[in-house]
Amino acid sequence: MAVKFEKKGEGSYMLDVCGYVCPHPQIYTKKSLEKISSGDILEVVFDNPSSGETIVQMCESAGHEVMEKKQEGSKLIYVIKKG
Amino acid sequence: MDIEKRNKVWAFVITGILILISLLYYKSNPYYMYLVTYIWFGVAYGMMLQYGRFCFASASRDLFAAGVPRMAVGILIALVFFSLIQAGLAATNMSTFHPAPFGIQTLISGVIFGVGMVLAGGCASGSLYKIGEGNGTSILSILGISFGQAVFVDLGGVFNKLLPQSWVDSALSKRIPHEKLTSWFDYYLVGYVWNKPTVLLSKTKFIASNFEGASKYFVGNALLNAIIPAVLVMIIIYVVYIRKGFLKKREREGGSRGLGADLSGIWSMITASKRTSLMGVLIGITAGIHIYAMKGMQLRFGVRNFGQLLTRMGHTEDVSIWGTVFDPGYWYITSQEAQFGAWVLEKFGWNMRDNVFFGVNNGLPEPWRNPALWMSVGIIFGAMIMALLNREFKFKMPKGELIVWGLLGGTLMGLGSRPALGCNIGAFFIRVAGGDPGGWLFGAGMVTGAFVGVKFFNWWTERKMAKEMEDFDIEL
């Protein structure tokens, strides 16, 4: 089972953790945000609803901005700007 | 039909099936209303757990791994409300709560359970509600809990040689048929755990002599054992994880420091996840009403255990030699899963009744006559109904590493919950709110175990991310 981390463009990344359940989506999101630079955009794609609430709070307390929350079928896509 | 409509139809179909099952039970024998009560409280728990993403594993895990206190706060809120209702029920003699033996075994078991719940990705109750979301890994966790416990309580042979002689002597001196003392767990339970004292703060000399009537339950059990410690833990979480960031932000916005600032910081922590905190309140209240309802059922039918009703209905093969089955009288998770595991193993020829856990204490009813197991089934379907209504249901087949984590974590939860006589619900939540300080011992162990589990996952994730990111211009 693989985690997908892709560079979409300059300062823009995508993390796909579909299929993963708690706690993996939130830990991979945290690790990814630690690796990219301030102002970069991370699009997190996941399908474990229980992780969403934690990802939002984690971003709020760390000063990152959740710019967009989308749902495509059972996939959740959160667009986060690193603070 | 679009997905949203189809989901709604399924939610109504499941609800309809549960109503039909309830009516069939009632028609078969009104005594089954006892069992039906468990089903519907299970459904209510499942709906609230799913809506609030209420999982005891995430309470400590998200705190350690991501600095998010949402779930820890939710549980502490639930504890406060549940403890007040439990005190009221104890004061009116309507409580089914009983404290468990107090000792170091509770702490050690909590550590094992804590590691297990982080690996599995959910606690005992969390894994059930996540099955309702379609999470296949949680199915494996529950299978691990079920079979892990069933095998654990029945192991004898070489394991019995490791037992201290004092446990054996003590067990043999008690009025338990010796043919039922076969596994190492039998001797541990009868010869060690049953010798430990039980502590209920309302019954301690200090509380009982200083507070009369109902006040001893509210002061001893609720205030001292649950509310004050819960508030203290909340303050510690605020100071360690939230305070610095909150005050910085407040200063940037022109606010000042001081007690007022800290109080609003604590309030903002409580309200940060409204759905979790709100469900904390509702779960606490529901768990209290559940106790009231079960006590009412017991009074209505003139029994203290569902095994008596099964015996009246002629199902004597379901009950233990004491005529009982596992019937906690409140929210509880793991023992019924152990019964399910044992029931399956019996079909393969394993004698599961030659031990104290099933043979003397809990019985081994057919799953469809097992009241607590129906509560677990209710949790799964309650969560499924809620997930379907919110477009959050998706079946996810466990793959790769998740299979290992699910099974291993579930088994560890099983191994941790049996020696403690309960899980995150029975050994922690119910005990703490009921006035038994032993619950905090399990909680402390559970948090310590979760810390170890998080350390492991941090290392694992770091390793995988490094591989994934090696092609990019990112400092690793």
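Owing to the predicted nature of the structure, the values given are computational and were not obtained by experimental measurement.

*Asks:* Whenever I open this one, the overall build of chain A confuses me. Can you help?
*Replies:* Along its length, chain A carries two helices and five strands. For 83 residues, the compact-globule formula gives about 12 Å, and the C-alpha radius of gyration of chain A, at 11 Å, lands near that figure. If one aligns the C-alpha atoms of chain A with their principal axes, the spans along those axes are about 30 × 25 × 20 Å. Of all 83 residues assigned to chain A, the portion counted as buried reaches 60%. Partitioning the intrachain contacts of chain A with sequence separation of at least 6 by distance along the chain shows that 59% fall at a separation of at least 24. Taken as a whole, chain A presents about 3,100 Å² of accessible surface, with 44% of it coming from carbon and sulfur. A distance of 4 Å separates the average location of the 11 positive side-chain charges in chain A from that of its 12 negative side-chain charges.

*Asks:* What's the story with the overall build of chain B in this structure? I'm lost.
*Replies:* Helix and strand content of chain B: 20 helices and zero strands. Whereas a compact globule of 476 residues would reach a radius of gyration of roughly 23 Å, chain B reaches 23 Å, a difference of no more than 12%. Across the 476 residues of chain B, 59% fall into the buried class. Working note: accessible area of chain B is about 19,400 Å², and carbon and sulfur atoms make up 66% of it.

*Asks:* Help me understand the interface of chain A and chain B, please; the structure alone is not making it clear to me.
*Replies:* By a widespread convention, an interface's size corresponds to the accessible area lost as its parts come together. Between chain A and chain B, the residue contacts involve 34 residues of the former and 41 residues of the latter. Between chain A and chain B lies a buried interface of about 3,500 Å² when both sides are counted; carbon and sulfur atoms form 59% of it. Together, A:Lys35, A:Glu53 and A:Gln57 form the three largest contributors to the area buried by chain A at its contact with chain B, with a combined 18%. The interface formed by chain A and chain B holds three salt bridges in total. Among the salt bridges present, the one from B:Lys394 reaches A:Asp47, with a minimum N-O distance of 3.0 Å. At the boundary of chain A and chain B, one finds 13 residue pairs in polar contact (both at pLDDT 80 or more). Secondary structure elements with two or more residues in the side of chain A that touches chain B: β1 (4-9), β2 (12-16), α1 (24-35) and α2 (49-62) of chain A. Per-element accounting of the side of chain A that touches chain B gives the leading share, eight residues, to α1(A). Of the residues assigned to the side of chain A that touches chain B, the class counts are 14 nonpolar, twelve polar and eight charged.

*Asks:* Sorry if this is basic, but what is going on with the packing of aromatic side chains here?
*Replies:* Where two aromatic rings form a pair, the distance of their centres and the angle of their planes describe that pair. All names here are of chain B. Per the counting criterion, the structure on display carries 39 aromatic pairs over all chains. Ring centres of phenylalanine 185 and tyrosine 188 lie 5.6 Å apart, and the angle between their planes is 40 degrees; on these two criteria the pair is classed as tilted. Linking phenylalanine 185 with tyrosine 188, this pair stays in helix α9 (residues 184-191), spanning three residues, or about one helical turn. According to the relative accessible area criterion, tyrosine 188 is buried, its value standing at 5%. With centroids separated by 5.8 Å and ring planes inclined at 40 degrees, the aromatic side chains of phenylalanine 456 and phenylalanine 457 adopt a geometry described as tilted. Three or more aromatic residues joined by ring pairs form one cluster here, namely Tyr45, Phe54, Phe56, Phe82, Trp331, Phe428, Phe429 and Trp440.

*Asks:* I keep staring at a nonpolar patch on the surface and nothing clicks. Help me out?
*Replies:* Residue and element names in this part refer to chain B. Residues Leu223, Leu224, Ile228, Val231, Leu232, Ile235, Ile236, Val239, Val240 and Tyr241 make up a contiguous nonpolar surface patch of roughly 830 Å² in combined accessible area. Its place among the elements puts isoleucine 236 in helix α11 (residues 215-252). What makes isoleucine 236 exposed here is its relative accessible area of 53%.

*Asks:* I keep staring at the nonpolar core and nothing clicks. Help me out?
*Replies:* Nonpolar side chains in soluble globular proteins tend to end up buried together. Grouped together as the largest cluster of nonpolar side chains are 133 residues, with contacts concentrated most on B:Trp331 and B:Phe429. Apart from the residues lying within four places of it in its own chain, the contact partners of B:Trp331 are B:Tyr45, B:Leu49, B:Ser125, B:Ile283, B:Ala287, B:His290, B:Met375, B:Ile379, B:Ile425, B:Phe429 and B:Ile430.

*Asks:* Even after reading the chapter, I still don't get the environment of B:Asp169, so can you show me in this structure?
*Replies:* Residues and elements named next belong to chain B. Residue position: aspartate 169 is located in helix α8 (residues 165-172). A relative accessible area of 43% means that aspartate 169 is categorised as partly exposed. For the pair aspartate 169 and serine 22, spaced 147 residues apart in sequence, the C-alpha separation works out to 47 Å.

*Asks:* Explain the state of the cysteines to me, please; I cannot follow it from the model alone.
*Replies:* Disulfides are covalent bonds that connect the sulfur atoms of two cysteines. As enumerated under the stated definition, the model contains zero disulfides over all chains in all. Residue A:Cys18 stays outside any disulfide, its sulfur separated by 14 Å from that of A:Cys22, the closest cysteine. Given the relative accessible area of 22%, A:Cys18 is considered partly exposed. Counting only cysteine sulfurs, B:Cys123 is the nearest neighbor of B:Cys423, a cysteine outside any disulfide, at a range of 7.5 Å.

*Asks:* Would you take a moment to explain the sheet that holds strand β4 (residues 65-72) of chain A for this structure?
*Replies:* Residues and elements named next belong to chain A. Pairing is mixed across the open sheet formed by five strands, whose spatial order is β1-β2-β3-β5-β4. This sheet does not close on itself; its edge strands, each paired only once, are β1 and β4. Shown here is a sheet whose adjacent strand axes are inclined to one another by a mean of 20 degrees, direction ignored. Note: strand β3 (residues 41-46) against strand β5 (residues 75-81), six bridges, orientation antiparallel. Note on β5: the bridge partner recorded for valine 44 is tyrosine 78. Docked against the sheet, α2 engages β3, β4 and β5, running at close to 10 degrees with respect to β5.

*Asks:* How should I be thinking about the packing of helix α15 (residues 334-347) of chain B against helix α17 (residues 371-389) of chain B in this particular structure?
*Replies:* In a packed pair of helices, the relevant descriptors are the angle between the two axes and the axis-to-axis distance. Residues and elements named next belong to chain B. Direction vectors running N to C along α15 and α17 enclose 105 degrees, while the axes themselves pass 8 Å from each other. Classed by the angle they form, the pair α15 and α17 counts as roughly perpendicular. Across from Gln336, Glu337 and Phe340 in α15, the residues of α17 making contact are Ala372, Leu373, Met375 and Ser376. Here the contact of α15 with α17 is composed, by residue class, of four nonpolar, two polar and one charged.

*Asks:* Just to check I follow, could you spell out unusual backbone geometry for this structure?
*Replies:* For the bond from A:Cys22 to A:Pro23, the omega torsion is 0 degrees, close enough to zero to count as cis. Tracing the chain through its elements places A:Pro23 in the loop between β2 and α1. Phi angles above zero are rare outside glycine, and B:Arg391 is one such case at about 55 degrees. Of note, B:Arg391 is situated in the loop between α17 and α18 (401-420). In this structure B:Arg391 comes out as partly exposed when scored by relative accessible area, which is 30%.

Calculation rules
- Residues numbered from 1 in each chain as written.
- Chains lettered and ligands numbered in written order.
- Predicted model: local features only at pLDDT ≥ 70, side-chain atom pairs only at ≥ 80, totals over all residues.
- Heavy atoms only, no water.
- Helix = DSSP H or I, 4+ residues; strand = E, 2+ residues; numbered from the N terminus.
- Rg over C-alpha atoms; globule rule 2.2 N^0.38 Å.
- Buried < 20%, exposed > 50% of the residue type's maximum accessible area, 1.4 Å probe, protein only.
- Contact = heavy atoms within 4.5 Å.
- Areas by Shrake-Rupley, 256 points an atom, 1.4 Å probe, with all protein chains shown as cover.
- Lys, Arg positive; Asp, Glu negative; His and termini not counted.
- Charge placed at Lys NZ, Arg CZ, Asp CG, Glu CD.
- Buried area = accessible area lost by both parts, 1.4 Å probe.
- Salt bridge = Lys/Arg side-chain N within 4 Å of Asp/Glu carboxyl O.
- Polar contact = N/O pair within 3.5 Å; in protein donor to acceptor, adjacent residues only side chain to side chain.
- Nonpolar A, V, L, I, M, F, W, Y, C, P; charged D, E, K, R; others polar.
- Phe/Tyr/Trp six-rings, centres within 6.5 Å; stacked < 30°, edge-to-face > 60°.
- Patch = residues over 30% accessible without salt bridge, like charges linked within 9 Å, V, L, I, M, F, W, Y side chains within 5 Å.
- Core = buried A, V, L, I, M, F, W, Y, C linked by side-chain atoms within 4.5 Å.
- Disulfide = S-S within 2.5 Å.
- Pairing = 2+ DSSP bridges.
- Axes fitted to C-alpha atoms, helices over the stretch in contact; angles between N-to-C directions.
- Parallel < 35°, antiparallel > 145°, perpendicular 65-115°, else oblique.

The quantities given are spatial measurements derived from coordinates; they are silent on function.
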